[in-house]
Amino acid sequence: MTADVNKTDGPGGARGGGPEVIKAIPVRHPLRYVSALIALGILVAIVYAFAQSDKINWGALPDYFFNDRILDGVVETMKLTILAMVIGVVLGVLLAVMRLSKNPVTSSIAWFYIWFFRGTPVLVQLFVWFNLGLVFEYVNLGPFYKDQWSDFMTPMLTALLGLGLNEAAYMAEICRAGLLSVDEGQTEASHALGMSHSKTLRRIVIPQSMRVIVPPTGNEVINMLKTTSLVSAVQYLDLFRVTQQIGERSTATVEMYFLAAAWYLVMTSILSVGQYYVERYYAKGSTRSLPPTPVQRLKAALIPSRNLSGGLR
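Here the residue index of a chain counts from 1 through its sequence in written order. For a predicted model such as this one, the threshold for reporting local features is a pLDDT of at least 70, and the threshold for listing and counting side-chain atom pairs is 80 or more; totals across whole chains, interfaces and linings nevertheless cover every residue. To get the side-chain values, all heavy atoms of the structure are used, and hydrogens and water are removed first.

Asker: Quick question: what am I supposed to make of the overall build of the protein chain here?
Answerer: Strands here are runs of E lasting at least two residues and helices are runs of H or I lasting at least four, both read from the DSSP assignment and numbered beginning at the N terminus. Looking only at helices and strands, the protein chain features 12 helices and 4 strands. Between buried and exposed lies partly exposed: a residue is buried under 20% and exposed over 50% of the maximum accessible area for its type, with that area taken using a 1.4 Å probe on protein chains only. Expressed as a percentage of the 313 residues in the protein chain, the buried residues total 29%. Any pair of residues with heavy atoms lying within 4.5 Å of one another is described as a contacting pair. The long-range fraction of contacts in the protein chain, counting pairs at least 24 apart against all pairs at least 6 apart in sequence, stands at 65%. For the area figures, the Shrake-Rupley method with a 1.4 Å probe applies, and any residue is considered shielded solely by the protein chains shown. For the protein chain, the computed accessible surface area is about 20500 Å², with 64% contributed by carbon and sulfur atoms.

Next up, the structure:
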């Protein structure tokens, strides 16, 4: 900011002896407008190049966007995302507690699990689960259940195990970081009041650690949504697999890939909005005043508020 001091008369350099009037002038940033124009030009050039391509049938996108099979694939993708994250979060919390345990056996088991599942690709894990019938020909649970592995390990179960167990390794580290963020004095104080270790975790430690756990967990949910596209390799009919099948039969393969990308963008955008408000909820105790939401900022920009003197500003 630069300041423009108005010239005044009288003693002290101001009329009537009052303070000098300072007019603040904002500093101009012309490079911001130049960079915005360059970015806009690049975006227009890319859109124009795609629009002018005669090798892509853009009309196939609106024709298939709300196709029944596409919508079924969207539902299956969301269902798989939710179930895999539930498995990952529940098992991740358990592994985090085990990792922090003073019992060396329990801590070592949790460490080995995290090391193994974080060290192998998700696609490899999916194929391993799908082909374990080479080792275990039958699943025998005594009088409760007995069947061949190929019939037991369905594409749905393969996808849940491959995604959920892998996610648990990452959630364990996220939860461990959240638990360690709570001051040890909180635990000592709760133990002094006679609370058990499990009750201290449920009532004291975990609620305070949520502020640290929630943001990366939201990112993991969005990442899980995109990772579900890998389950098409084990014949699970998710969104990506359905678009592949439609593309092969309609000879609009590339167009269906664009359609799948559009649906993934829609779903991740919805999840991002939900993540924003969940993070805002758990940030109440860490900041004195929460920043306005996008809706509140838009409302403030469109609807002028009244100042204390009753006028508009």
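Asker: Help me understand helix H11 (residues 253–282) in this model?
Answerer: Turn by turn, an α-helix covers 3.6 residues, leaving residues three or four places apart pointing in a common direction. Here H11 spans 43 Å end to end across 30 residues, near enough to the 44 Å set by a 1.5 Å rise per residue. Residues of H11 that are buried: Glu 255, Met 256, Leu 259, Ala 260, Trp 263, Tyr 264, Met 267, Thr 268, Gln 275 and Arg 280. Under the convention used throughout, the expected extent of a helix is 1.5 Å for every residue step, that is, one less than its residue count.

Asker: How should I be thinking about the environment of Arg 69 in this particular structure?
Answerer: Secondary-structure assignment places Arg 69 in helix H3 (residues 68–99). For Arg 69, a relative accessible area of 31% translates into the label partly exposed. The spacing of Arg 69 and Thr 243 is 174 residues in sequence and 8.6 Å in space, taken between C-alpha atoms. When sequence neighbours within four positions are dropped, the list of residues in contact with Arg 69 reads Val 242, Gln 245, Ile 246 and Arg 249.

Asker: Teacher, can you tell me more about the nonpolar core here?
Answerer: Within soluble globular proteins, side chains that are nonpolar generally end up buried alongside one another. Note on terminology: a nonpolar core comprises buried Ala, Val, Leu, Ile, Met, Phe, Trp, Tyr and Cys residues joined through side-chain atoms within 4.5 Å. Ranked by size, the top nonpolar core spans 21 residues in total, and within it Leu 80, Leu 163 and Val 231 carry the most contacts. With 7 residues, helix H7 (residues 155–180) is the single largest residue contributor to this core. Val 231 has contacts with Leu 80, Leu 126, Ala 159, Leu 163, Tyr 236 and Asp 238, leaving out every residue within four places of it along the chain. Of all hydrophobic cores here, the second largest spans 15 residues; its members include Ile 70, Leu 239, Leu 259 and Trp 263.

Asker: Honestly, helix H5 (residues 122–130) in this entry has me stumped. Any pointers?
Answerer: Every buried residue of H5 is accounted for by Val 122, Gln 125 and Leu 126. Down the axis of H5, the sector holding all buried residues measures 100°, keeping them to one side. Check the buried side of H5 and you find it contacts helix H4 (104–119), H7 and helix H9 (197–227). Throughout, the arc means that of the directions going from the helix axis to the C-beta atoms.

Asker: I keep staring at the packing of aromatic side chains and nothing clicks. Help me out?
Answerer: The relative placement of two aromatic rings is captured by the distance of their centres and the angle of their planes. Stacked, tilted and edge-to-face pairs are distinguished by plane angle, under 30 degrees for stacked and over 60 for edge-to-face with tilted covering the rest, among Phe, Tyr and Trp rings (Trp via its six-membered ring) whose centres lie within 6.5 Å. Inspection of every chain in the model, using the stated rule, returns 13 aromatic pairs. Ring plane angle 15° and centroid distance 4.8 Å describe the contact between Phe 65 and Trp 263, whose orientation is recorded as stacked. Placement of the pair is Phe 65 in the loop between helix H2 (60–64) and H3 and Trp 263 in helix H11, with a sequence separation of 198 residues. Neither Phe 65 nor Trp 263 differs from the other in exposure class; each is buried.

Asker: Got a minute to help me understand the side chain of Thr 228 in this structure?
Answerer: As for its position among the elements, Thr 228 is in the loop between H9 and helix H10 (239–250). Those residues in contact with Thr 228 that sit more than four places away from it in its chain are Thr 77, Leu 80, Thr 81, Leu 163, Asp 238 and Tyr 264.

Asker: Teacher, can you tell me more about a nonpolar patch on the surface here?
Answerer: Patch membership needs two things, relative accessible area over 30% and no salt bridge, and members are linked within 9 Å if like-charged or within 5 Å if nonpolar (Val, Leu, Ile, Met, Phe, Trp, Tyr). By convention in these notes, a salt bridge is any Lys or Arg side-chain nitrogen within 4 Å of a carboxyl oxygen on Asp or Glu. Taken together, the side chains of Leu 31, Val 34, Ile 38, Ile 42, Ile 46, Phe 50 and Trp 58 make up a nonpolar region of the molecular surface, amounting to roughly 670 Å² of accessible area. Inspection of the secondary structure puts Val 34 in helix H1 (residues 30–52). Its relative accessible area of 43% is what places Val 34 among the partly exposed residues.

Asker: When you look at the packing of H7 against H9 in this model, what are you seeing that I'm missing?
Answerer: Helix packing geometry: the angle between the two helix axes and the distance between the axes. Note on geometry: axes are lines fitted to C-alpha atoms, helical ones only across the stretch in contact, with angles between N-to-C directions running from 0 to 180 degrees. Running from amino to carboxyl end, H7 crosses H9 at an angle of 150°, the nearest separation of the two axes being 8 Å. In terms of axis orientation, H7 runs roughly antiparallel to H9. Judged by the twist between their axes, the crossing of H7 over H9 is right-handed. Contacts between H7 and H9 involve Leu 163, Glu 167, Tyr 170, Met 171, Ile 174, Cys 175, Ala 177, Gly 178 and Leu 179 from the former and Val 205, Ile 206, Ser 209, Val 212, Ile 213, Pro 216, Thr 217, Glu 220, Met 224 and Thr 227 from the latter. Polar here means any residue outside two lists: the nonpolar Ala, Val, Leu, Ile, Met, Phe, Trp, Tyr, Cys and Pro, and the charged Asp, Glu, Lys and Arg; Gly therefore counts as polar. Split by residue class, the contact of H7 with H9 holds 13 nonpolar, 4 polar and 2 charged. Note on terminology: angles under 35 degrees are roughly parallel, angles over 145 are roughly antiparallel, angles of 65 to 115 are roughly perpendicular, and the others are oblique. A crossing counts as left-handed when the near helix is turned anticlockwise from the far one by less than a right angle, and as right-handed when that turn is clockwise.

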